[in-house]
Amino acid sequence: MTLGRVAAALREEARATDERRLLVLTGDATATREAAADALDAADVDAPEVTYVGESADTPWERVPQARAGDLLGTTHAALVLDCHEECRPNAIGRAVGAVDGGGLLVLCVPPLGSWPERRDAFDETLAVPPFDVADVAGNFRTRLVELLRAHPGIAIVDVGDGTADPSVERDGLTDPAPRVPPDPPTAPEDPAFPVDVYDRCLTDDQVAAVEALEALDEPGNAVVVEADRGRGKSSAAGLAAGALALGGRDVLVTAPQYRGAAEVFARAREVLADADALAGDPDEDDPERLEATDDAGGRVRFERPATAAELPDGPDAVVVDEAAALPVRLLERFLDTPAAAFTTTVHGYEGAGRGFSVRFRDRLYESDLAVRDVSMTDPIRYAAGDPVEVWAFRALLLDAGPAVDPLVADAGADTAAATGTDGDPDSVAYRAFDAADLVADEHLLREVFGLLVAAHYQTEPDDLARLLDAPNVAVRALTYEGHVVSVALLAREGALPTDLRAHMYEGGRVRGNMIPDVLTSQLRDERAAVPEGLRVLRIATHHAVRSRGLGSRLLSEVRAEFADDVDWLGTGYGATPELLRFWQGNGFSTVHLSTTRNESSGEYSAVMLAPTSDAGRDLAERHGRWFADRVGAMLSDPLADMDPDVVRAALRSADVAPALDLSEWEWRLLVGMTGGAGIFDTSPRPLRRLTVRYLVDAGDGGDAEALLNPRQERLLVRKALQTHTWEAVADDLGFHSLGQCMRALGEAVRPLLSRFGDANVEAELERFE
Ligand SMILES: CC(=O)SCCNC(=O)CCNC(=O)[C@H](O)C(C)(C)COP(=O)(O)OP(=O)(O)OC[C@H]1O[C@@H](n2cnc3c(N)ncnc32)[C@H](O)[C@@H]1OP(=O)(O)O
Ligand SMILES: Nc1ncnc2c1ncn2[C@@H]1O[C@H](COP(=O)(O)OP(=O)(O)OP(=O)(O)O)[C@@H](O)[C@H]1O
């Protein structure tokens, strides 16, 4: 069979089934691109209908570089050519697969399959973290990819060599499916609040159900979460609802990471308004990001970028957040102040945002004043259910991997959780080192390891699978219970960098990976910071069914026991919350740095923590701990002035080196004066700032400082003395009835600190007030 025949037959089958098909062209770069053009020609796809994802400027198609494959989100194409010669980014594969329409073709241009796993490309370069180089990167991800390309149905493989000889067809990818009975058209619900015309525009029963749920946005106090895999029509459902709401006079604000992704919302809303003859203005001249209904309808649908939308400009009646999982949690939270909100989100990791939405935002949504309704959509719209290309992609990128089901692990570690009262066998939980070969050889294990990371972490994406399998600096350790993964840690070697790289870093140059040495060297001006070798815990996660039983801590202590003799420190850096700070502190890590900007994905400030395991590590941790204690007071009054006071409390408690108080006699007198009138604080903030830092750091070591103040008093000190908020703001924030009450409370909070940290002179001074 010729290439043209293979391509035409694939397309025909794709069209007949409304599924997609995958055509893999192997060989030289130019030859595969030329073959792709011939194949698409033969398959009757015109060049303007094709998008090319790759680096070559020499193709007849619209081009998107792999690094910008995120732009494909929410777009659809009759054919997409993904060129993997320069690089093969797993994220780009995921996005390309999601953007091909039913009846369409995905064409992969790749090197010869036999040698592809061994070749090192531009993506591999990104995995080559110094001191490793690209030759140390493994090819496990691509080995697995090639096996799955050869094994899954619906995938044709044609070797075009260097383009001089006839292509050779390894497999034709045809699945010879039974003829399909087209599904019944969906029916409108009984007695809908939205016009029936809106439901007539729905393509599946799931979409009808989603639009019906979205009727709730017509009333304040409601939130609707629409969850689906890619291409189930959730943006369209939101658009149909937005149009119907505008028709009813509502002002609907739509936001999404990019307008392009929300285009379907606007397309559907426009149709609804046009159907009802209620679309104002001239569609050709209108701003595409704004739809106005005619005066008698009165509503509108408008787009704003997320950061602007979060300000809720002009007080919308309802907000639609499309692709919510791709936005930082911190930003999402701000939408909870709207009268009514809809969040649409993709269940599996195409968005590069993993399960952040479900992991962290959902809890906050349920705690909010909004009544929450959930709908999920499973029927695909752009292609038929069971589409083989989707099945292949889910498997290849582990997009649907999840942790072991709860009953399998429920008893793990139960013995350490005395409160549960269940019997458990401590020895049944085993510490295991998994190398990439173990994981590739055991699909169940790989799915549990990766699935646990995806479920627990805000930002796990297909690229991470390749990192897990191929990066030379990354290792996996886990606890298993009866063979199932109950806790997993992803570890990365850092530091031990040669002099020239350290100097490069110190002078502001970029060095891949090495997050902790980099921060300590370039931001904290310590050229020796990358001399010791460390192990950073990139990620740790315990199965949700068995958290708080000591498993995470046990995993960390096993890791420490295994690596203590090889490295100088263990470290971590993550979006800081009070609970996580306590977890790490409880495991012997101490804070040496807080980032001055919020992490874009978690919306939190990051904390960097160290747990030294050698003298060199102790030196490093000690000097950075000391510097941290010295500078943190000043950071909190400016860049960290909006940090959650409970994060501040926990971060300082987990710092190890208490700062010297070095207060003059006069400064102590000022402090004593504050117990009688806290207004004195405003005349000289430094002494109380130092005293507060000292107290909070000391309180963390379990000594006698611990119980001096209650949490509210500590928050008061943090807000006023460290973050220097105005008295009004502090009183308001902490629920004091008056400024006077707030100021008196500060004086009362200072009193026990003076007795604890002051000397005999201070005691004598205090007595004069009593
Ligand atoms: C670099 C990084 O990966 S930071 C991100 C860490 N991972 C995550 O946030 C993923 C989701 N969370 C988890 O998987 C787990 O909660 C982990 C890994 C943080 C802790 O694992 P566990 O097996 O529960 O730890 P362990 O039982 O040893 O310690 C629990 C303690 O950690 C603290 N903790 C941290 N996070 C939480 C949380 N979300 N809920 C409750 N306690 C928490 C508490 O102090 C808790 O003590 P408690 O049970 O007495 O209240
Ligand atoms: N009711 C509808 N009328 C017309 N076209 C629709 C409708 N629902 C979905 N579609 C089309 O189906 C495709 C997928 O729809 P949509 O973008 O709404 O899905 P999605 O679940 O948000 O997918 P994605 O995650 O890819 O953005 C789009 O091409 C869209 O135009």
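You'll find the chain entered in an unreviewed UniProt entry as tRNA(Met) cytidine acetyltransferase TmcA, with Halosimplex aquaticum given as the organism. Listed under Function (unreviewed entry) in UniProt, the entry text for the chain is "Catalyzes the formation of N(4)-acetylcytidine (ac(4)C) at the wobble position of tRNA(Met), by using acetyl-CoA as an acetyl donor and ATP (or GTP)." In UniProt, the chain has this text filed under Sequence similarities (unreviewed entry): "Belongs to the TmcA family."

J.: Would you take a moment to explain the sheet that holds strand 19 (residues 569–575) for this structure?
T.: Two modes of strand pairing occur in sheets, parallel and antiparallel, and in both the strands are linked by backbone hydrogen bonds. Pairing within the open sheet is mixed, and its seven strands lie in the order 15-16-17-18-19-21-20. The strands lining the two open edges of the sheet, one partner per strand, are strand 15 (429–434) and strand 20 (590–598). Sheet twist, expressed as the average angle between the axes of neighbouring strands with direction ignored, equals 25 degrees. Taken together, the nine bridges between strand 17 (residues 484–495) and strand 18 (residues 533–542) define a ladder with antiparallel strand orientation. When the bridges of strand 18 are listed, Ala 492 appears paired with Arg 536. Taken strand by strand, helix 19 (residues 515–523) contacts strand 17, strand 18, strand 19, strand 20 and strand 21 (605–612), and its axis lies near 85 degrees from that of strand 19. Contacts from helix 20 (residues 551–563) reach strand 15, strand 16 (474–481), strand 17, strand 18, strand 19 and strand 21 within the one sheet, and its direction differs from that of strand 17 by about 45 degrees.

J.: What should I look at first to understand the nonpolar core in this one?
T.: Nonpolar side chains in soluble globular proteins tend to be buried together. Counting 79 residues, the largest nonpolar core has Leu 581, Leu 594, Trp 668, Leu 688, Leu 691 and Leu 754 as its most contacted members. Broken down by element, the residue count for this core peaks at eight residues, all from helix 29 (residues 739–757). Taken domain by domain, the makeup of this core includes at least three residues from each of domain 3 (406–635) and domain 4 (665–767). Sequence-distant contacts of Leu 754, defined by excluding residues within four places in its chain, comprise Trp 668, Leu 671, Val 672, Thr 675, Leu 691, Val 762 and Leu 766.

J.: How do you make sense of unusual backbone geometry when you look at a structure like this?
T.: Peptide bonds are mostly trans, and most non-glycine residues show a negative phi. Put simply, Pro 130 and Pro 131 share a cis peptide bond, and its omega is 5 degrees. Here Pro 131 lies in the loop between helix 4 (122–127) and helix 5 (140–151). Phi is positive for Leu 398, close to 55 degrees, though the residue is something other than glycine. Judged by relative accessible area, Leu 398 falls into the buried class, the value being 1%. Despite not being glycine, Thr 724 shows a phi value in the positive range, around 45 degrees. Relative to the elements of secondary structure, Thr 724 occurs in the loop between helix 27 (711–722) and helix 28 (727–734). Take Thr 724: its relative accessible area is 36%, and that puts it in the partly exposed class.

J.: So what exactly am I meant to see when it comes to the pattern of salt bridges here?
T.: When charged atoms on two side chains of opposite charge get close, those side chains can pair. Per the counting criterion, the structure on display carries 52 salt bridges. With its nearest N and O atoms 3.1 Å apart, the salt bridge here joins Glu 271 to Arg 201. Remark: Arg 201 occurs in the loop between helix 6 (196–200) and helix 7 (205–214) and Glu 271 occurs in helix 9 (residues 259–275); sequence separation between them is 70 residues. Since its relative accessible area comes to 24%, Glu 271 is described here as partly exposed.

J.: Is there a simple way to think about a negative patch on the surface in this case?
T.: Among the surface-exposed residues, Glu 34, Asp 38, Asp 41, Asp 44, Asp 46, Glu 49 and Asp 58 lie close enough to one another that they form a single negatively charged patch. Structurally, Asp 44 is set in the loop between helix 2 (29–42) and strand 2 (50–53).

J.: Is there a simple way to explain the site of ligand 2 in this structure?
T.: Ligand 2 sits among 19 residues. The nearest are Arg 201, Arg 230, Ser 235, Ser 236 and Glu 264. In the environment of ligand 2, an oxygen atom lies 2.9 Å from a nitrogen or oxygen atom belonging to the side chain of Lys 234. In the complex, 90% of the free accessible area of ligand 2, which totals 610 Å², lies under the protein chains. Sorting the residues of the shell around ligand 2 by element identifies helix 8 (234–247) and helix 9 as the ones contributing at least two each. Broken down by class, the residue content of the shell around ligand 2 amounts to four nonpolar, seven polar and eight charged.

J.: Can you walk me through the site of ligand 1 in this structure?
T.: Lining the immediate environment of ligand 1, one finds 22 residues, of which Thr 542, Ser 548, Gly 550, Gly 552 and Ser 553 sit closest. Contact distances for ligand 1 include 2.8 Å between an oxygen atom and a side-chain N or O atom of Thr 542. Here an oxygen atom of ligand 1 and a side-chain polar atom of Arg 547 are 3.3 Å apart. For ligand 1, whose free accessible area comes to 920 Å², the fraction covered by protein is 73%. Secondary-structure elements contributing two or more residues to the shell around ligand 1 are strand 18, helix 20, strand 19 and helix 21 (578–586). The biggest single contributor to the shell around ligand 1 is strand 18, with six residues. In the shell around ligand 1, the residues fall into ten nonpolar, seven polar and five charged.

J.: Help me understand the side chain of Glu 494 in this model?
T.: Secondary-structure assignment places Glu 494 in strand 17. Residue class for Glu 494 comes out buried when judged on its relative accessible area of 2%. Side-chain polar atoms of Glu 494 contact the backbone nitrogen of Asn 514, separated by 3.4 Å. Excluding its chain neighbours within four sequence positions, the residues that come into contact with Glu 494 are Gly 513, Asn 514, Met 515, Ile 516, Pro 517, Pro 532, Glu 533, Gly 534, Arg 536 and Trp 569.

J.: Just checking my understanding: could you explain the layout of surface pockets for this structure?
T.: A water-sized probe, rolled over the atoms, reveals where empty space remains. The calculated volume of the second largest pocket comes to roughly 440 Å³. What lines the second largest pocket is a set of 18 residues, and nearest its centre among them are Pro 183, Thr 204, Pro 380, Ala 384 and Ala 385. Within the lining of the second largest pocket, the residues separate by chemical class into eleven nonpolar, two polar and five charged. Taken together, domain 1 (3–171) and domain 2 (196–377) each give at least three residues to the lining of the second largest pocket, which thus spans both.

J.: Hey, could you run me through helix 8 in this one?
T.: One full turn of an α-helix is made of 3.6 residues, so residues set three or four places apart face in the same direction. Compared with the 20 Å implied by 1.5 Å per residue over 14 residues, the 20 Å span of helix 8 between its first and last C-alpha is a close match. Most of helix 8 is tucked away, with 13 of its 14 residues classed as buried. A positive backbone phi angle near 90 degrees is found at Gly 249, which sits one or two residues after helix 8.

What counts, and where the lines are drawn
- Residues numbered from 1 in each chain as written.
- Chains lettered and ligands numbered in written order.
- Predicted model: local features only at pLDDT ≥ 70, side-chain atom pairs only at ≥ 80, totals over all residues.
- Heavy atoms only, no water.
- UniProt positions renumbered as here; feature names shortened; annotations may be inferred.
- Pairing = 2+ DSSP bridges.
- Helix = DSSP H or I, 4+ residues; strand = E, 2+ residues; numbered from the N terminus.
- Axes fitted to C-alpha atoms, helices over the stretch in contact; angles between N-to-C directions.
- Contact = heavy atoms within 4.5 Å.
- Core = buried A, V, L, I, M, F, W, Y, C linked by side-chain atoms within 4.5 Å.
- Buried < 20%, exposed > 50% of the residue type's maximum accessible area, 1.4 Å probe, protein only.
- Domains from an automatic or database assignment.
- Salt bridge = Lys/Arg side-chain N within 4 Å of Asp/Glu carboxyl O.
- Patch = residues over 30% accessible without salt bridge, like charges linked within 9 Å, V, L, I, M, F, W, Y side chains within 5 Å.
- Areas by Shrake-Rupley, 256 points an atom, 1.4 Å probe, with all protein chains shown as cover.
- Lys, Arg positive; Asp, Glu negative; His and termini not counted.
- Charge placed at Lys NZ, Arg CZ, Asp CG, Glu CD.
- Near = heavy atom within 4 Å.
- Polar contact = N/O pair within 3.5 Å; in protein donor to acceptor, adjacent residues only side chain to side chain.
- Nonpolar A, V, L, I, M, F, W, Y, C, P; charged D, E, K, R; others polar.
- 1 Å grid on protein atoms, 1.4 Å probe; cavity = no way out; pocket = protein on both sides within 12 Å on 5 of 7 lines; lining within 4 Å.
- Points joined across faces, edges and corners; volume = space filled by probe spheres on them.
- Expected span 1.5 Å × (residues − 1).

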